[in-house]
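Descriptive analysis of the structure
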Amino acid sequence: MRLILASSSPRRRQLLSQMGHEFDIVKPAIDEARREGEAPLDYARRLSREKAEAVAAALDVSPALILSADTIVVLVANETGIAENDELLEKPRDAADARRMLRALRARAHQVITAITLKRTGQAEQVITRHARTIVTMRDYSEDEIAAYIESGDPFDKAGAYAIQNEVFHPVARIEGSYSNVVGLPLDVVKAALVEIGYRPLEGS
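Rules and cut-offs
- Positions within a chain are numbered from 1, following the residues in the order the chain's sequence is written.
- Only residues with pLDDT of at least 70 are given local features in this predicted model, and only at 80 or more are side-chain atom pairs given and counted; all residues enter the totals for whole chains, interfaces and linings.
- Think of the side-chain values as coming from all heavy atoms in the structure, minus any hydrogens and water.
- Per the convention used, a helix needs a DSSP run of H or I reaching at least four residues, while a strand needs a run of E reaching at least two, with both numbered from the N terminus.
- Buried means the residue's accessible area, taken with a 1.4 Å probe over protein chains only, is under 20% of the maximum for its type, while exposed means over 50%, and partly exposed covers the values in between.
- Pairs of residues are marked as contacts when any of their non-hydrogen atoms sit within 4.5 Å.
- In these tables, accessible area is a Shrake-Rupley quantity obtained with a 1.4 Å probe, and a residue counts as shielded only by the protein chains included in the view.
- When charges are counted, neither His nor the chain ends are considered; positive counts come from Lys and Arg and negative counts from Asp and Glu.
- Taken as the charge location is NZ of Lys, CZ of Arg, CG of Asp or CD of Glu.
- What the arc covers is the set of directions going from the helix axis to the C-beta atoms.
- When a carboxyl oxygen of Asp or Glu is within 4 Å of a side-chain nitrogen of Lys or Arg, the pair counts as a salt bridge.
- Two strands pair under a simple rule: DSSP has to find at least two bridges between them.

A word on the overall build of the protein chain. On a plain count of helices and strands, the protein chain comes out with six helices and seven strands. Starting at the N terminus and walking to the C terminus, you meet the elements of the protein chain as β-α-β-α-β-β-α-β-β-α-β-α-α. Here the C-alpha coordinates of the protein chain stretch approximately 55 × 35 × 30 Å along the principal axes. A burial count over the protein chain gives 51% of its 205 residues as buried. Residue pairs at least 24 apart in sequence account for 68% of intrachain contacts in the protein chain once pairs closer than 6 positions are excluded. Counting only carbon and sulfur atoms, one obtains 46% of the accessible surface of the protein chain, whose full area is about 10,100 Å². In the protein chain, 27 side chains carry a positive charge and 31 a negative one; their mean positions are 2 Å apart.

Here you go:
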């Protein structure tokens, strides 16, 4: 069965490649605006499903298995790890927005939530959505470090304006949970979901 990654993210492409699967890439085109009153987890899960549905509608080959994902960053209270006022940090609009986000995250905890959806097309159509949640605590980086990181251009295509894997900025002090989730694709969740949906690429099912 053809496996399709519904994402143009190079980080997700690299992570899925690490699992040893062959796959094609189709970028989904959806409205990613958050609905009024929508809880962060509901938002991430809905977007992952809508991305899978959009790619399924555009395919000219069936059956196929579509993997989509959506990652969000949620500010939390350091003492509890609970979401604080449902404040999301999405991809920064510009340098000023990136600076605001990095200052808000500095020396405190936040949640990274990634929702993934697997959609099997064809006669045996099936859809499952799962998610992972990681608590990330940032180090107390300086204003000069923020400025240099923004100048590098790395923050602008990332929720929360940072990459955990950036070796120069190295913004994270510690994490509780999945590292690959913070990069953009929780591999343990994906592996379990592939088993659950019955994906066996070598058997063509």
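Those residues of helix H6 (residues 187-197) not exposed but buried are Leu 187, Val 190, Ala 193, Leu 194 and Ile 197. The arc that holds every buried residue of H6, seen down its axis, measures 125°, which confines them to one face. Relative to its buried face, H6 has exposed residues pointing more than 90 degrees away, namely Asp 188 and Val 195. Contacts from the buried residues of H6 go to helix H1 (10-18), strand S3 (64-76), strand S5 (109-120), strand S6 (126-138) and helix H5 (179-183). The first or second residue beyond H6 is Gly 198, which carries a positive phi of 80°.

This part takes up the pattern of salt bridges. Counted according to the given criterion, the structure contains 16 salt bridges. Among the ionic pairs, Lys 51 bridges to Asp 70, the shortest N-O distance being 3.0 Å. Of this pair, Lys 51 sits in helix H2 (residues 40-58) while Asp 70 sits in strand S3, and the two are 19 residues apart along the sequence. With respect to class, Lys 51 is no different from Asp 70; both count as buried. Here Arg 139 makes a salt bridge to Glu 145, at a shortest N to O gap of 2.7 Å. Note on Arg 139: relative accessible area 18%, which makes it buried.

Okay, the environment of Gly 184 next. With respect to the helices and strands, the residue Gly 184 is situated in the loop between H5 and H6. The buried category is assigned to Gly 184, whose relative accessible area is 3%. Sequence spacing of Gly 184 and Val 73 is 111 residues, and the spatial spacing of their C-alpha atoms is 11 Å. Excluding its chain neighbours within four sequence positions, the residues that come into contact with Gly 184 are Arg 12, Leu 15, Ala 69, Thr 71 and Thr 114.

We now examine the pairing of S5. Burial of S5 is extensive: 12 of the 12 residues sit out of reach of the surface. By the alternation rule, side chains of S5 split into Ala 109, Gln 111, Ile 113, Ala 115, Thr 117 and Lys 119 and His 110, Val 112, Thr 114, Ile 116, Leu 118 and Arg 120, which are all buried. Across 11 bridges, the pairing between S3 and S5 is antiparallel. Note that in S5 the partner of Thr 71 across the bridge is Thr 114. When S5 meets S6, the two strands line up antiparallel, connected through 12 bridges. Note on S6: the bridge partner recorded for Thr 117 is Thr 129.

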